[in-house]
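# Observations on chain architecture
Residue-level listing of the chains:
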Amino acid sequence: VSAVDSSYHIEPSVAMSHDGNAVITWTTSDDPDFVLNGNGAAAVLAKAFDSDGAVLLNQFSVGGGGSSTVTFDGDNNFLITRSGFGVGFDPVDRVSPALFMTGVRALMYELFDAQGNVSGSVIRNEFRPNSSEFDTSVPALWPGPEYQSDGALDADGDMVVTFEGYGPAVTEAVFTWADPRVQQV
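These notes cover the structure that comes with them. What you see is a predicted model, and the numbers here were worked out from it, not measured in a lab.

## Let's talk about the overall build of the chain
Within the chain, the regular secondary structure consists of 1 helix and 10 strands. Secondary structure of the chain in N-to-C order comes out as β-β-α-β-β-β-β-β-β-β-β. In the chain, which comprises 185 residues, the proportion classed as buried is 39%. For the chain, the accessible surface area stands at approximately 10000 Å², while carbon and sulfur atoms represent 53% of it.

## Observations concerning the sheet that holds strand S4 (residues 55-64)
Taken in spatial order, the 4 strands line up as S1-S2-S3-S4 in an open sheet, and their pairing is antiparallel. Edge positions in the open sheet fall to strand S1 (8-16) and S4, since each of these has one partner strand only. On average, each strand axis in the sheet is inclined to that of its neighbour by 20 degrees, with strand direction left out of account. In this sheet, strand S2 (residues 22-29) lies alongside S1 in antiparallel orientation, the contact comprising 7 bridges. When the bridges of S2 are listed, methionine 16 appears paired with alanine 22.

## Things to note about the pairing of S4
For strand S3 (residues 43-49) and S4, the ladder comprises 6 bridges, and the chain directions are antiparallel. Paired with alanine 46 across the bridge in S4 is phenylalanine 60. Counted between consecutive antiparallel strands, the loop separating S3 from S4 contains 5 residues, among which glycine 53 sits at a positive phi close to 95 degrees.

## A short note on the pattern of salt bridges
Pairing of side chains with opposite charge becomes possible as their charged atoms draw close. The full count for this structure, using the stated rule, is 2 salt bridges. For glutamate 126, the salt bridge identified is with arginine 82, shortest N-O distance 2.3 Å. With glutamate 126 in strand S8 (residues 122-127) and arginine 82 in strand S6 (residues 77-89), this residue pair connects regions lying 44 residues apart in the sequence. Residue class for glutamate 126 comes out partly exposed when judged on its relative accessible area of 26%. For arginine 105, the salt bridge goes to glutamate 126, with nearest N and O atoms at 3.7 Å. With arginine 105 in strand S7 (residues 97-110) and glutamate 126 in strand S8, this residue pair connects regions lying 21 residues apart in the sequence. When salt bridges with common partners are traced through the structure, they connect Arg82, Arg105 and Glu126 into a single cluster.

Each value, and the rule that gives it
- Residues numbered from 1 in each chain as written.
- Predicted model: local features only at pLDDT ≥ 70, side-chain atom pairs only at ≥ 80, totals over all residues.
- Heavy atoms only, no water.
- Helix = DSSP H or I, 4+ residues; strand = E, 2+ residues; numbered from the N terminus.
- Buried < 20%, exposed > 50% of the residue type's maximum accessible area, 1.4 Å probe, protein only.
- Areas by Shrake-Rupley, 256 points an atom, 1.4 Å probe, with all protein chains shown as cover.
- Pairing = 2+ DSSP bridges.
- Axes fitted to C-alpha atoms, helices over the stretch in contact; angles between N-to-C directions.
- Salt bridge = Lys/Arg side-chain N within 4 Å of Asp/Glu carboxyl O.

Okay, structure coming up:
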């Protein structure tokens, strides 16, 4: 499925529409540390096929992170969820780079436009279903990790997204510490 054979390809997900079209998502990384230790850079890719296996949408990037899922509604629109990753500093030593969950993300696409042409256009911009703040530009912080999302669409596009994790989403820092690199005045 992937157009790149030299990367790691893990965590596949597939969904099929009522008329046999399919979308496949997966996590990819060129960073061996991601696969070996769970750290490093990764991205979610997707590709769509018709009922005969012909490519409808060439491989495209959904965004950074991993653990994606995909589901269809009755109009050949599809929802992709993923767990976002970000890099920050380890909260213990405050020096070592560390990979953090930045929350569950979701996007909705149309497979075909109103005229029946293959589209792949985003019909619902990226949003955070697990946050009190749907604006992805707001840096919400979580008191615990949230990951392993799963989405479902009904025939007319109503959605439910679940995820694993704990703690409420907040828009204020939950964990604070005195950073020795910052001089107090």
